[in-house]
Amino acid sequence: MAFIDKIKERAKADKKTIVLPESMDKRTYEAAETILKEGIANLVIIGTPEEIAKNGAGFDLTGCKFVDPFTDPNRQKYIDKFVELRAKKGLTPEQAEEQMTKDYMYYACLMCKCGDADGAVSGACHSTGNTIRPALQLLKTKPGIHSVSGFFLMEVPNCEFGEQIDGNGLFVFADCAVNTDFDSEKLAEIAYLSANSFRQFVGAEPKVAMLSYSSKGSAKHDDVTKVAEAVKIAHEQHPEIQLDGELQLDAAIVPSVGASKAPGSSVAGQANVLVFPSLEAGNIGYKLVQRLAKAGAYGPVLQGLSMPVNDLSRGCFADDIVGVVAMTAVQAQNA
Ligand code: ACO
């Protein structure tokens with residue numbers, strides 16, 4: 001069974017309520033029809049009756065809850081919560097009302113915050129920044145976590161590297177989506193969150209490689225030191241995680257190269273979680289593997305948020321939305 005089908009089965013076993021704020025996009029309804037028919041999640045679509053009639057015509061949406069942000073009886077509750085959460089920024093009730101009716105992602109995050117939904121998925125027709133910002137502002141990070149990051153679950157077909165499942169190699173790649181500046185502390189936190197995400201979604205023990213263009217001091221540069229420092233911090237803060245670095249990509253995943261470049265390492269040559277040293281490396285890296293190796297790339301899945309909210313690619317198909325909703329529901333089961 002493909003990775004994503006297993007995730008759908010897990011979502012069905014304990015159904016969660018996921019909000020879809022992109023009522024202006026037909027793919028939302030196509031995905032919703034499948035999600036409802038297969039019983040993957042309970043759904044809420046945010047939109048006016050006109051938007052829903054125009055874009056959702058022809059889809060069977062039996063069981064879906066529709067929330068009109070202009071007439072919803074809970075609207076005042078969400079305005080009050082929005083003002084409370086952004087009090088330090090001086091947000092007025094009028095500004096809150098305007099923002100959450102102009103940008104339904106704010107409405108979706110407020111529903112989550114108020115306990116009326118378990119998670120949200122958006123991004124089919126909004127940029128990553130516009131999808132993530134409301135979640136960062138309103139839901140914030142989990143206790144003890146400083147930064148939200150984004151990972152991809154990569155399923156590489158017929159691959160002898162990574163976690164071996166049904167002949168495929170499974171990996172978590174991070175951060176591929178969110179942070180534009182990394183220091184050693186942030187990298188160490190990304191490693192910790194990614195190890196947890198791997199355990200949650202793959203159900204196996206994570207082996208985390210902190211990637212660089214150097215292996216164990218083979219090159220000297222501030223960029224290399226940054227990763228080596230991150231390894232030290234991660235070892236101090238999370239000694240239970242199998243983690244090593246700095247490692248080049250081949251030393252991280254190819255056993256013979258790992259043995260020669262990092263002898264004695266319990267991770268080198270066997271890594272299944274790859275932590276990239278910059279957003280450029282992570283974002284380009286996942287797309288290379290997706291395109292050249294025809295890998296399944298599930299994500300970006302956000303980690304570190306207090307409640308699950310996930311982003312879609314604007315080039316996504318309805319099936320991708322179904323997959324991301326299933327992953328969000330599984331995150332909500334463990335929130
Ligand atoms: N973790 C937690 N909170 C954060 C983070 C983070 N990583 N980044 C920002 N925040 C918080 C800030 O503290 C701030 O909180 P406050 O308003 O309560 O003070 C709030 O989020 C907004 O922060 P800003 O810095 O003002 O927001 P900005 O819009 O500049 O940036 C964003 C946040 C959207 C995540 C930005 O870093 C970004 O655009 N990242 C890159 C996204 C991207 O383009 N990725 C590549 C494409 S994705 C793909 O290819 C699949």
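Note that the structure is predicted; figures quoted are calculated from it, not measured.

What counts and what doesn't
Residues numbered from 1 in each chain as written. Predicted model: local features only at pLDDT ≥ 70, side-chain atom pairs only at ≥ 80, totals over all residues. Heavy atoms only, no water. Pairing = 2+ DSSP bridges. Helix = DSSP H or I, 4+ residues; strand = E, 2+ residues; numbered from the N terminus. Axes fitted to C-alpha atoms, helices over the stretch in contact; angles between N-to-C directions. Contact = heavy atoms within 4.5 Å. Salt bridge = Lys/Arg side-chain N within 4 Å of Asp/Glu carboxyl O. Buried < 20%, exposed > 50% of the residue type's maximum accessible area, 1.4 Å probe, protein only. Disulfide = S-S within 2.5 Å. Expected span 1.5 Å × (residues − 1). Arc of directions from axis to C-beta. Core = buried A, V, L, I, M, F, W, Y, C linked by side-chain atoms within 4.5 Å. Domains from an automatic or database assignment. Near = heavy atom within 4 Å. Polar contact = N/O pair within 3.5 Å; in protein donor to acceptor, adjacent residues only side chain to side chain. Nonpolar A, V, L, I, M, F, W, Y, C, P; charged D, E, K, R; others polar. Patch = residues over 30% accessible without salt bridge, like charges linked within 9 Å, V, L, I, M, F, W, Y side chains within 5 Å. Areas by Shrake-Rupley, 256 points an atom, 1.4 Å probe, with all protein chains shown as cover.

Undergrad: When you look at the sheet that holds strand β3 (residues 65-67) in this model, what are you seeing that I'm missing?
TA: Each strand in a sheet pairs with its neighbour through backbone hydrogen bonds, running either in the same direction (parallel) or in the opposite one (antiparallel). With parallel pairing, the five strands of this open sheet are ordered in space as β3-β2-β1-β4-β12. What marks the edges here is a single partner per strand, and that holds for β3 and β12 (309-311). Taking each pair of neighbouring strands and ignoring which way they run, the sheet shows an average axis angle of 25°. Two strands pair when backbone bridges link them, and strand β4 (residues 119-122) and β12 are joined in this way by three bridges, in the parallel orientation. Bridge pairing in β12 places serine 122 opposite aspartate 311. Here helix α13 (residues 318-333) sits on the sheet and contacts β1 (17-20), β2 (42-46), β4 and β12; the angle it forms with β4, its principal contact strand, is near 160°.

Undergrad: Would you mind going over the pattern of salt bridges with me for this structure?
TA: Side chains that differ in charge, positive against negative, can pair when their charged atoms come close. The tally for this structure, following the rule as stated, stands at 14 salt bridges. A salt bridge links arginine 27 to aspartate 25, with the nearest nitrogen and oxygen atoms 2.7 Å apart. Given a relative accessible area of 10%, aspartate 25 falls into the buried group. Where lysine 77 meets aspartate 116, a salt bridge forms, and the shortest distance between an N and an O atom there is 2.8 Å. With lysine 77 in helix α4 (residues 75-85) and aspartate 116 in the loop between α6 (104-113) and β4, the pair connects residues that are 39 residues apart, well separated along the chain.

Undergrad: Please explain the state of the cysteines as it appears in this structure.
TA: Two cysteines, two sulfur atoms, one covalent bond between them: this is a disulfide. Tallying each qualifying case throughout the model produces zero disulfides. Cysteine 64 forms no disulfide, and the closest cysteine sulfur to it belongs to cysteine 112, at a distance of 15 Å. The exposure class assigned to cysteine 64 is buried, which follows from its relative accessible area of 12%. Free of any disulfide, cysteine 316 has its nearest cysteine sulfur in cysteine 125, 8.9 Å distant. Classification of cysteine 316 by relative accessible area gives buried; the value is 5%.

Undergrad: What is the right way to look at helix α12 (residues 279-292) in this model?
TA: Residue pairs spaced three or four apart in an α-helix point in one direction, given the helix's 3.6 residues per turn. The end-to-end C-alpha separation of α12 is 20 Å, in line with the 20 Å expected for 14 residues at 1.5 Å each. Listed in full, the buried residues belonging to α12 are Leu279, Gly282, Gly285 and Tyr286. All buried residues of α12 project into a common sector of 140° when viewed along the axis, lining one side. Residues of α12 that are exposed and point more than 90 degrees away from the buried face comprise Glu280, Ile284, Arg291 and Leu292. The elements touched by buried residues of α12 are β5 (149-156), β7 (168-174) and β11 (296-303). Remark: lysine 294 follows α12 within two positions and exhibits a positive phi of approximately 50°.

Undergrad: Whenever I open this one, the nonpolar core confuses me. Can you help?
TA: Side chains of nonpolar character tend, in soluble globular proteins, to be buried together. By size, the foremost hydrophobic cluster in this structure holds 60 residues, and its most contacted members are Phe3, Leu43, Leu153, Val208, Met210, Val325 and Met327. By residue number, the principal contributor to this core is α13, which donates nine residues. Formed jointly, this core draws a minimum of three residues from each of two domains, domain 1 (3-140 + 306-333) and domain 2 (149-292). Excluding anything up to four places from it in sequence, valine 325 contacts Ile18, Leu20, Ile35, Ala41, Leu43 and Val121.

Undergrad: Could you clarify how one ought to interpret the site of the ligand in this entry?
TA: By nearness alone, 20 residues border the ligand, and Arg86, Arg133, Lys140, Val148 and Ala177 come closest of all. A distance of 2.8 Å separates a nitrogen atom of the ligand from a polar atom in the backbone of alanine 177. With respect to the ligand, the side chain of asparagine 283 contributes an N or O atom lying 2.9 Å from an oxygen atom. Broken down by secondary-structure element, the contributors of at least two residues to the shell around the ligand are α7 (128-138) and α12. By residue class, the composition of the shell around the ligand is seven nonpolar, eight polar and five charged. Looking at which domains feed residues into the shell around the ligand, each of domain 1 (3-140 + 306-333) and domain 2 (149-292) supplies at least three.

Undergrad: Help me understand a nonpolar patch on the surface in this model?
TA: The grouping of Ile284, Leu288 and Leu292 at the surface amounts to a nonpolar patch, some 330 Å² of accessible area in total. Following the sequence through the fold, leucine 288 ends up in helix α12.

Undergrad: What is the right way to look at the environment of glycine 129 in this model?
TA: Note that glycine 129 resides in helix α7. Residues glycine 129 and valine 178, spaced 49 residues apart in sequence, show a C-alpha to C-alpha distance of 8.2 Å.

Undergrad: Help me understand unusual backbone geometry in this model?
TA: For residues that are not glycine, phi is negative in most cases, and the peptide bond is trans in most cases. Residues alanine 174 and aspartate 175 are joined by a peptide bond in cis, for which omega reads -20°. Tracing the sequence through the fold places aspartate 175 in the loop between β7 and α8 (184-202). Put simply, glycine 299 and proline 300 share a cis peptide bond, and its omega is 0°. Within the element layout of this structure, proline 300 appears in strand β11. A positive phi angle, near 50°, is found at lysine 216, a position not held by glycine.

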